[in-house]
Amino acid sequence: MAAKAFVVHFSAAKPSKEPFYRYPDCLSTSQSLPLKSLSVNKPAGKLNNVLFISHYTLATLHRRLSPVSAGDSDVPHPFHQESANFRSNKAFEEWNSLTAKFSGAANIPFMLLQLPQIILNARNLLAGNKAALLAVPWLGMLTGLLGNLSLLSYFIKKREKEAIVVQTLGVVSTYVVISQLAVGEAMPMPHFIAISVVVATGLVLNFLNYFNMLNTGLWRFWEDVITVGGLTALPQVIWSTFVPTIPNSILPGTIAFVVGVATVVMARMGKLSKQGVKFVRAISGWTATLLFMWMPVSQMWTNFLNPDNIKGLSASSMLLAMIGNGLLIPRALFIRDFMWFTGSSWATLFYGYGNLVCLYCSNVISKEFFLAATAGLVSWIGIALWRDTIAYGFNSPLRSLKELVYGQ
């Protein structure tokens, strides 16, 4: 669902591979399915997004796609087909092809997303204007970093090369921004050191596993770590966002950590039901998505508390976030992936466009720039709903949204 979420590229892979998705800075993978028949494996995999996000590149569909429920979003195949056949038509095939291309094109803004902010931060540091860096909340950047690192582990396991590159760039670029914040004293140095250790460890383990140089047991341990880590970070980041309005406390994270460890241990010991194990496997994906989705909330809260610091934000970065995630919306809607749609839409509206609204209200960007962005976004969403309605032969876009949320 990002942002940096919540932040993506989709590459062709063998039909047997499992896809997955990413947010604001996250990314999606695509797969080609056989033209004659489409088989779907039993749900099982992970999350996302804001801004994670998975999809298939379908050559031809002979069956209707049905949405993935919230509980089944972390599966090897994020969508499945009904028993009823769906008659392929030109509009359907064209929109299917276009949405896949849009998803691939989203990689460009995602890869450029952090560059304007990095340049702006560098200029402020060189000018001695450290106060401007306070406009970039390090907790918000941390949510994106943890989400990217979690999704990197997923794509390493699936051997999705393009996705690995994008997620790695997401981790590296976000870490550069966090490093600038640490140098500018906009975040505590002990926290930066701890983050650095986690990032270095995660990158090393991931790429050792990619080159088949990592013990299976150690890799499973790392997966447990990111599951517990994501579960711990989410409530703590949410709580910490509102400090000092509320008392500073590590209680939310501590409680979540204990629950996370207990849950993972029980799953490994076979003490949970099949549904329980399935839920545990989905935790890291969902927490990564929610971390990405929280990123714009953290940014908006900082804007509210410190309106003068909004000038430290890069309008180009916000526009890239809106465009990158916006390009993912049509595909997520087309394949009825509710998690992907939620993450990408959230990042588009609240991280990208939401911050542009703040910049406009603070007279940082021109009226023409803001109106052009608004018109572009509204038109894009309208086109996505309209083309999806035509592709599926519906009479109203509300039918598409209903299927997305509730299924067939």
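Structure: see above.
Residues numbered from 1 in each chain as written. Predicted model: local features only at pLDDT ≥ 70, side-chain atom pairs only at ≥ 80, totals over all residues. Heavy atoms only, no water.

Caption draft 1: Spotlight on the overall build of the chain. Helix and strand content of the chain: 14 helices and two strands. Among the 408 residues that make up the chain, the fraction classed as buried is 55%. Summed over its atoms, the accessible surface of the chain is roughly 17300 Å², and 68% of this surface lies on carbon and sulfur atoms. (Helix = DSSP H or I, 4+ residues; strand = E, 2+ residues; numbered from the N terminus. Buried < 20%, exposed > 50% of the residue type's maximum accessible area, 1.4 Å probe, protein only. Areas by Shrake-Rupley, 256 points an atom, 1.4 Å probe, with all protein chains shown as cover.)

Caption draft 2: Region of the structure containing the pattern of salt bridges. Enumeration over the complete set of coordinates arrives at four salt bridges. We note a salt bridge from D388 to R336, for which the minimum N-O separation is 3.1 Å. Linking D388 in helix α13 (residues 367-392) with R336 in the loop between α11 (329-334) and α12 (338-361), this pair joins segments that are 52 residues apart in sequence. Here D388 falls in the buried class, since its relative accessible area comes to 0%. With a relative accessible area of 0%, R336 lands in the buried category. Residue E403 pairs with R399 through a salt bridge whose shortest N-O separation is 3.7 Å. Placement of both E403 and R399 in helix α14 (residues 397-406) is noted, with a separation of four residues, approximately one turn of the helix. Among the ionic contacts, a cluster of salt bridges with common partners joins R336, D388, R399 and E403. (Salt bridge = Lys/Arg side-chain N within 4 Å of Asp/Glu carboxyl O.)

Caption draft 3: Fine view of helix α3 (residues 115-126). Compared with the 16 Å implied by 1.5 Å per residue over 12 residues, the 17 Å span of α3 between its first and last C-alpha is a close match. Of the residues making up α3, those classed as buried are Q117, I118, N121 and N124. Mapping the buried residues of α3 onto a view down its axis gives an arc of 130 degrees, with all of them on the same face. Seen from the buried face of α3, the exposed residues on the opposite side, beyond 90 degrees, are R123 and L126. Immediately downstream of α3, the backbone of G128 shows phi near 75 degrees, a positive value. (Expected span 1.5 Å × (residues − 1). Arc of directions from axis to C-beta.)

Caption draft 4: Just the nonpolar core, in detail. Core analysis: the largest hydrophobic core is formed by 47 residues, its most contacted members being M141, L181, M187, L356 and L359. Breaking this core down by element, the ones donating at least two residues are α4 (138-158), α5 (161-183), α6 (189-210), α7 (216-241), α10 (315-326), α12 and α13. Those residues within four positions of L356 in sequence are excluded, and the remaining contacts are A315, M318, L319, M322, I365, F369, F370 and A373. Listed in part, the 18 residues of the second largest apolar core include F92, F334, W340 and A391. (Core = buried A, V, L, I, M, F, W, Y, C linked by side-chain atoms within 4.5 Å. Contact = heavy atoms within 4.5 Å.)

Caption draft 5: Representation of the packing of aromatic side chains. Per the stated rule, a full pass over the model turns up 13 aromatic pairs. Both rings, one in W95 and one in F102, keep their centres 6.0 Å apart while their planes meet at 70 degrees; by these two values the pair is edge-to-face. Judged by its relative accessible area of 2%, W95 falls in the buried class. With a relative accessible area of 19%, F102 lands in the buried category. Ring centres of F334 and Y392 lie 5.7 Å apart, and the angle between their planes is 50 degrees; this geometry places the pair in the tilted category. (Phe/Tyr/Trp six-rings, centres within 6.5 Å; stacked < 30°, edge-to-face > 60°.)

Caption draft 6: Geometry of the environment of W340. Topologically, W340 is positioned in helix α12. Through-space distance from the C-alpha of W340 to that of T289 is 8.8 Å; in sequence the pair is 51 residues apart.

Caption draft 7: Quick peek at the environment of A182. Along the chain, A182 falls in helix α5. Sequence separation between A182 and L133 is 49 residues, and the spatial gap between their C-alpha atoms is 9.6 Å. When sequence neighbours within four positions are dropped, the list of residues in contact with A182 reads M187, M189 and F192.

Caption draft 8: Highlighting unusual backbone geometry. Residue N212 is not a glycine yet carries a positive backbone phi of 55 degrees. You can see N212 is positioned in the loop between α6 and α7. Residue N212 is classed as exposed on the basis of its relative accessible area, which comes to 64%. The backbone of N363 sits at a positive phi, close to 60 degrees, despite the residue not being glycine.

Caption draft 9: Molecular detail of the packing of α7 against helix α8 (residues 251-268). Following both chains from N to C, one finds α7 and α8 inclined at 155 degrees, their axes separated by 8 Å at the closest point. When the axis of α7 is compared with that of α8, the two are roughly antiparallel. The handedness of the crossing between α7 and α8 comes out as right-handed. The residues of α8 that touch α7, namely those facing R220, D224, T227, V228, L231, T232, P235, Q236 and W239, are L251, P252, G253, A256, F257, G260, V261, V264 and R268. Among the residues making up the contact of α7 with α8, the classes are represented as 10 nonpolar, five polar and three charged. (Axes fitted to C-alpha atoms, helices over the stretch in contact; angles between N-to-C directions. Parallel < 35°, antiparallel > 145°, perpendicular 65-115°, else oblique. Left-handed = near helix turned anticlockwise from the far one by under 90°. Nonpolar A, V, L, I, M, F, W, Y, C, P; charged D, E, K, R; others polar.)

Caption draft 10: Examining α6 more closely. Taking 1.5 Å of rise per residue, 22 residues should cover 32 Å, and α6 covers 31 Å from first to last C-alpha, within 8% of that figure. Listed in full, the buried residues belonging to α6 are F192, I195, S196, V199, G202, L203, L205, N206, N209 and Y210. Following α6 by one or two positions, N212 has its phi on the positive side, about 55 degrees.

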